[in-house]
Amino acid sequence: MSAVLGTAAVLVLVGALDDRFNLSVRTRLTVQALAVLTVVYCTGVYIHTLGHMFGYEFELGGLGMPLTLIAVIGLLNAFNMMDGIDGLAGMLALVSIGAINIFQGFSQWHSVILLLWLAAALLPDLAANLGLAKHKVFLGDAGSMVLGYFLAWTLIQLSQQPHPHLSTVDVLWCVALPVLDTLAVMVRRMREGKSPFKPDRGHIHHIMMDAGFGPHTTLVALVGLAIGLVFMGTLTRRLAAGSNLMAFTALTIIYIAIVGRIRRAQVARKSRGTMPATASPHRSLHVAGVSMRPHAGEPSMRWKRHRIR
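Residues numbered from 1 in each chain as written. Predicted model: local features only at pLDDT ≥ 70, side-chain atom pairs only at ≥ 80, totals over all residues. Heavy atoms only, no water.

Describe empty space enclosed by the protein, naming the residues involved and giving the relevant values.
Tallied over the entire structure, the rule returns two cavities of 30 Å³ or more. One number sums up the size of the largest cavity: a volume of about 60 Å³. Around the largest cavity sit L92, V95, S96, W173, C174, V175, A176, L177, P178, A226 and V230, which together line it. A class-by-class count of the residues in the lining of the largest cavity yields 10 nonpolar, one polar and no charged. Lining the second largest cavity are A184, R188, G202, I207, I256, V259, G260 and R263. (1 Å grid on protein atoms, 1.4 Å probe; cavity = no way out; pocket = protein on both sides within 12 Å on 5 of 7 lines; lining within 4 Å. Points joined across faces, edges and corners; volume = space filled by probe spheres on them. Nonpolar A, V, L, I, M, F, W, Y, C, P; charged D, E, K, R; others polar.)

Pasting the structure below:
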């Protein structure tokens, strides 16, 4: 745990610097990769097996380390990308923490004590972020990346035990919505000939708001969707080993196709001038007591998030 906490502190620093100076993608990915490798070196924990599927034990061998890098970096950035409207990243983290406890059983709460601390810390943050306190507070890159980072290492540790309560496929259902949205965005960007790291308004929360939903409605709908995906995961556990992975793969393909089609339709409508812009008045941002204002011409108070996503 000390290795995870130490490297998380480094990520917090890098995230804060990115919020202030807009660090390059290469710099962020390099630091994230070094953090992952440090934890693996100090703890020996990494993804070495996909578990028992289709009658076989899928040991990864030399592929385990690259997959661990992709999984941890992918999940921490998935939560960073989902931090586009008030409360979304924090609420999705709470859903994931609840899902982990459901999948492995609440009697095993001591194995996720770090996540329970995280959940307790999220509650006052969400209260401030959702406007229930005097000043707004945002997670920023520093906070949203750490959410995904803690979740990633907890899920890896729980799923790689000799007799895990949580299978590798269960892990996917625990963080289904951030994973599905990130995959959909990256596939669409690459189809368009763009870098998968190039920011745009193509995430699911952007699509819903461009369709006319307000931020609170979007938040409630996406949290409900995340809970629904967890429930779907509990049902697939009853399938034969491997069939649950096929179910998640099928869901991924369907999600990418549907969201991609909606996004293309919205872009076409905007190009024809038949879709109103979703601008909102400029307001002050209060991040850890520091007041900032959006750059001139930015469409929303979420200017920083739109710019880096």
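Continuing now.
I'd like a rundown of the packing of aromatic side chains, residues and numbers included.
What the rule picks out here adds up to two aromatic pairs. Considering the side-chain rings of Y149 and W153, the 6.4 Å spacing of their centres and the 85 degrees angle between planes classify their relative orientation as edge-to-face. One end of the pair, Y149, and the other, W153, are both in helix 6 (residues 140–159), four residues apart, so they sit about a helical turn from each other. This pair shows no difference in class: Y149 is buried, exactly as W153 is. Relative to F248, the ring of W173 has its centre 5.0 Å away and its plane inclined at 85 degrees; by these criteria the two rings are edge-to-face. With W173 in helix 7 (residues 168–174) and F248 in helix 11 (residues 243–272), this residue pair connects regions lying 75 residues apart in the sequence. (Phe/Tyr/Trp six-rings, centres within 6.5 Å; stacked < 30°, edge-to-face > 60°. Helix = DSSP H or I, 4+ residues; strand = E, 2+ residues; numbered from the N terminus. Buried < 20%, exposed > 50% of the residue type's maximum accessible area, 1.4 Å probe, protein only.)

Help me get a handle on the pattern of salt bridges, residues and values and all.
Under the definition given, this model contains nine salt bridges. A salt bridge links R188 to D200, with the shortest nitrogen-to-oxygen separation between them at 3.0 Å. Taken together, the positions of R188 in helix 8 (residues 176–191) and D200 in the loop between helix 8 and helix 9 (204–210) put the pair 12 residues apart, joining distant regions of the chain. Assessed through its relative accessible area of 8%, R188 is described here as buried. Relative accessible area serves as the criterion here: at 13%, D200 is assigned to the buried category. A salt bridge links D210 to R201; the nearest nitrogen and oxygen atoms lie 2.9 Å apart. Overall, the relative accessible area of 6% leaves D210 in the buried class. (Salt bridge = Lys/Arg side-chain N within 4 Å of Asp/Glu carboxyl O.)

Please give an account of the layout of surface pockets that cites residues and values.
Volume-wise, the largest pocket comes out at about 1000 Å³. Along the walls of the largest pocket sit 43 residues, with I70, A71, G74, L75 and V179 positioned nearest its centre. The greatest single-element share of the lining of the largest pocket, amounting to 11 residues, is contributed by helix 3 (residues 64–82).

Hey, could you go over the packing of helix 4 (residues 88–104) against helix 5 (residues 113–129) for me, with residue numbers and the actual values?
Between helix 4 and helix 5, the shortest axis-to-axis distance is 10 Å and the interhelical angle comes to 150 degrees. When the axes of helix 4 and helix 5 are compared, the pair comes out roughly antiparallel. Handedness of the helix 4/helix 5 crossing: left-handed. Along its contact with helix 4, which presents G90, M91, A93, L94, I97, I100 and N101, the element helix 5 presents L115, L116, L118, A119, L122, L123 and L126. Of the residues assigned to the contact of helix 4 with helix 5, the class counts are 12 nonpolar, two polar and no charged. (Axes fitted to C-alpha atoms, helices over the stretch in contact; angles between N-to-C directions. Parallel < 35°, antiparallel > 145°, perpendicular 65-115°, else oblique. Left-handed = near helix turned anticlockwise from the far one by under 90°. Contact = heavy atoms within 4.5 Å.)

I'd like a description of helix 3, backed by residues and values.
When the terminal C-alpha atoms of helix 3 are compared, their 27 Å separation across 19 residues agrees well with the 27 Å that a helix rising 1.5 Å per residue should span. Buried within helix 3 we find G64, T68, V72, I73, L75, L76, N77, A78, F79, N80, M81 and M82. The inward-facing, buried residues of helix 3 abut helix 1 (2–21), helix 2 (25–43), helix 4, helix 6, helix 8 and helix 9. (Expected span 1.5 Å × (residues − 1).)

Which residues make up the environment of F58, and what values do they have?
For F58, the location among the structural elements is in strand 2 (residues 56–59). Separated by 10 residues in the primary sequence, F58 and H48 have C-alpha atoms spaced 8.7 Å apart. If we ignore the near neighbours within four places in the chain, the residues touching F58 are H48, T49, L50, G51 and M53.

Give a description of helix 4 that names residues and reports values.
The end-to-end C-alpha distance of helix 4, which contains 17 residues, comes to 24 Å, matching closely the 24 Å that a straight helix rising 1.5 Å per residue would cover. After helix 4 finishes, the residue G105 shows a positive phi value of roughly 100 degrees.

How would you summarise the packing of helix 8 against helix 10 (residues 215–236) if you had to cite specific residues and measurements?
Between helix 8 and helix 10, the least distance of the axes is 8 Å, while the angle of their chain directions is 105 degrees. Judged on the interaxial angle alone, helix 10 and helix 8 are roughly perpendicular. Contact residues: A176, L177 and L180 in helix 8; L222, L225, A226 and L229 in helix 10.

An account of the side chain of N129 is needed here, citing residue identities and associated values.
Tracing the backbone through its elements, the reader meets N129 in helix 5. Looking at N129, its side chain comes within polar contact range of the main-chain oxygen of V137, at 3.1 Å. Apart from the residues lying within four places of it in its own chain, the contact partners of N129 are D86, G87, K136, V137 and F138. (Polar contact = N/O pair within 3.5 Å; in protein donor to acceptor, adjacent residues only side chain to side chain.)

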